[in-house]
Amino acid sequence: MAIPSKGRLVEPVMGLLNYIGIKPQSMDDRALVLPTSWRTLSLIRIRPEDIPSVVESNSAIMGITGLDYIIESGASVNIIERLGFGRGRIVIAVPSGSGINSVDDIKDGFRLATKYVNITNAYFSRLGKRVRIVKISGSAEVMPLLNVADGIVDVMSTGTTLRLHGLKPIGVIMESEAVLATPRELNSDEREFVDKFLILMRGALASNGRKLILMNVPEEDLEAVLKVLPAMEGPTIADVASGRPMKEVISVVPEESIPDLLPLLKKAGAKDILVLSIEKVIP
């Protein structure tokens, strides 16, 4: 599996793999290939912009990188899962005092510094505008300050970096996030391995932000408790060996609902409430 060796995706990708149960056997920053706790899986650490080409060539049967890098590369790969992290927007940004407030204000010959050459060219071609692309590989934000370019095309998450450099976004070219990609063609063994990984990965992602909640409920209060209790498909209800008619109720609920939910459950009659973490949810 090809994973980013640098950039904003490194930490969430390693967190996801760890959550699934895939643990590198070595974390030497100089190592490009890392064996893992899965005997048949190694991690290849490379630049995120190179991952689409590595996957396309079947040198890796899976790769995690940004959607923006796949579009920019033009690589022929299958995007099989959007991962919900590493979100950002590819934006056009100009100096705040430039007097330019929208893409419509950009004239032919306008200089744009970017590593997203293909994405930028395709976008302005659709608009019928002829801009000059200044290809860079490092930080774009400083280029207008150095008079290398009149504006930039770069990824923006919060906009803080742009503001620090006196820039403002004036247009969005595309939305991006981390994705899982595979080659167009996989043999049966490779497909079986990818399917196994997908089951575990989707289970880990589905469990994120969810808690398992268990409680005892007197039978006469069951209807009131169920009215306030969220559930995925529906709660599990079982008899409790007790001196009075009692039910055990089990459900999976959003983590952010817990502070408001617990008082409501207590008020409705729930007792002995347990809130537990979930490792994976396999639909």
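For the structure itself, look to the data block above.
Below, the structure is looked at part by part.

Rules of the game
- Numbering of residues starts from 1 in every chain and runs along the sequence as written.
- A pLDDT threshold of at least 70 governs which residues receive local features in this predicted model, and a stricter bar of 80 or more applies before side-chain atom pairs are shown or counted, although totals over entire chains, interfaces and linings include all residues.
- Just so you know, side-chain values use all the structure's heavy atoms and leave hydrogens and water out.
- Counting from the N terminus, the helices are DSSP H or I runs at least four residues long and the strands are E runs at least two residues long.
- Using C-alpha atoms as the atom set, the radius of gyration is obtained and then compared with a globule rule of 2.2 Å times the number of residues to the power 0.38.
- Throughout this description, buried means an accessible area under 20% of the type-specific maximum (1.4 Å probe, protein chains only), exposed means over 50%, and partly exposed covers the range between.
- Contact definition: two residues touch when any of their heavy atoms are within 4.5 Å.
- Charged residues are defined here as Lys and Arg on the positive side and Asp and Glu on the negative side; His and the ends of the chain fall outside this count.
- Charge coordinates come from a single atom per side chain, which is NZ of Lys, CZ of Arg, CG of Asp or CD of Glu.
- In this analysis, a patch consists of residues with relative accessible area above 30% that form no salt bridge, clustered at 9 Å for like charges and at 5 Å for the nonpolar side chains Val, Leu, Ile, Met, Phe, Trp and Tyr.
- Here the open area of atoms and residues is found with the Shrake-Rupley method and a 1.4 Å probe, where only the protein chains shown may cover a residue.
- Salt bridges are identified by distance alone: a Lys or Arg side-chain nitrogen within 4 Å of an Asp or Glu carboxyl oxygen.
- Pairing of aromatic side chains requires ring centres within 6.5 Å, counting the rings of Phe and Tyr and the six-membered ring of Trp. Pairs whose planes differ by under 30 degrees are stacked, by over 60 edge-to-face, and all others tilted.
- By definition here, charges over rings are those cases where NZ of Lys or CZ of Arg is within 6 Å of the ring centre and within 35 degrees of the ring normal.
- Any pair of N or O atoms that falls within 3.5 Å is considered a polar contact. Within protein, one atom must be able to donate a hydrogen and the other to accept it, and sequence-neighbouring residues count only if both atoms are side-chain atoms.
- Here, the term nonpolar core denotes a set of buried Ala, Val, Leu, Ile, Met, Phe, Trp, Tyr and Cys residues that are joined through side-chain atoms within 4.5 Å.

Scanning the protein chain from terminus to terminus reveals eight helices and 15 strands. At 25 Å, the protein chain has a C-alpha radius of gyration far larger than the 19 Å of a compact globule built from 283 residues. A principal-axis box enclosing the C-alpha atoms of the protein chain has dimensions of 85 × 50 × 35 Å. Burial status across the protein chain gives 43% buried among its 283 residues. Long-range contacts, defined here as pairs at least 24 residues apart, represent 67% of the contacts in the protein chain between residues at least 6 apart. Side-chain charges in the protein chain split into 33 positive and 34 negative, and the spacing between the mean points of these groups amounts to 5 Å.

For the rest of this paragraph, the subject is a nonpolar patch on the surface. Taken together, the side chains of L145, L146 and V148 define a hydrophobic patch exposed on the protein surface, amounting to about 290 Å² of accessible area. As for its position among the elements, L145 is in the loop between β8 (132-135) and β9 (151-156). Given the relative accessible area of 58%, L145 is considered exposed.

The topology assignment puts I46 in strand β3 (residues 42-46). In this structure, the C-alpha to C-alpha distance between I46 and A2, residues 44 residues apart in sequence, is 6.9 Å. Leave out the neighbours within four places in its chain, and I46 touches A2, I3, P4, S5, I51 and V54.

Most peptide bonds take the trans form, and the phi angle of most residues other than glycine is negative. Its identity is not glycine, yet N147 carries a phi of approximately 60°, on the positive side. For N147, the location among the structural elements is in the loop between β8 and β9. Of note, the phi angle at D272 is positive, near 50°, even though the residue is not glycine. With respect to the helices and strands, D272 occurs in strand β15 (residues 271-277).

Another point: the packing of aromatic side chains. Following the criterion strictly, the structure yields four aromatic pairs and no others. Where Y123 meets F124, the ring centres are 5.2 Å apart and the plane angle is 90°; that geometry is what we call edge-to-face. Classification of F124 by relative accessible area gives buried; the value is 1%. By the ring-pair criterion, three or more aromatic residues cluster together here, those being W38, F193 and F197. A cation over an aromatic ring shows up here: K196 above the ring of W38, its NZ or CZ 5.0 Å from the ring centre.

So, on to the side chain of E141. Mapped onto the fold, E141 is located in the loop between β8 and β9. Aside from chain neighbours lying at most four places away, what touches E141 is I152, D154, T161, L162, H165 and L167.

Once that is clear, we can look at the side chain of K211. Within the secondary structure, K211 sits in strand β12 (residues 210-218). As a buried residue without a salt bridge, K211 has its nearest oppositely charged side chain in E255, at a separation of 4.0 Å. Side-chain polar atoms of K211 contact the side chain of S277, separated by 3.1 Å. With residues up to four places along the chain from it excluded, the contact list for K211 reads S251, V252, V253, E255, I258, V275, L276, S277 and I278.

Counting 29 residues, the largest nonpolar core has I92, I106, F110, L112, F124 and I173 as the members making the most contacts within it. Ignoring any residue separated from it by four or fewer positions in sequence, one finds I106 in contact with I92, I100, F124, K129, V131 and I170. In this structure, I3, F197, L198 and A204 belong to the second largest nonpolar core, which totals 28 residues.

A separate point is the pattern of salt bridges. Under the criterion given, the structure shown has 11 salt bridges. With its nearest N and O atoms 3.4 Å apart, the salt bridge here joins R47 to E49. Notably, a salt bridge pairs D195 with R191, separated by 3.5 Å at the nearest N-O pair. Pair noted here: D195 and R191 are both in helix α6 (residues 188-207), with a separation of four residues, about one helical turn. In this structure D195 comes out as partly exposed when scored by relative accessible area, which is 35%. Overall, R191 belongs to the partly exposed group, its relative accessible area being 32%. Several salt bridges converge on common partners, so that one network encompasses K6, R47, E49 and D50.

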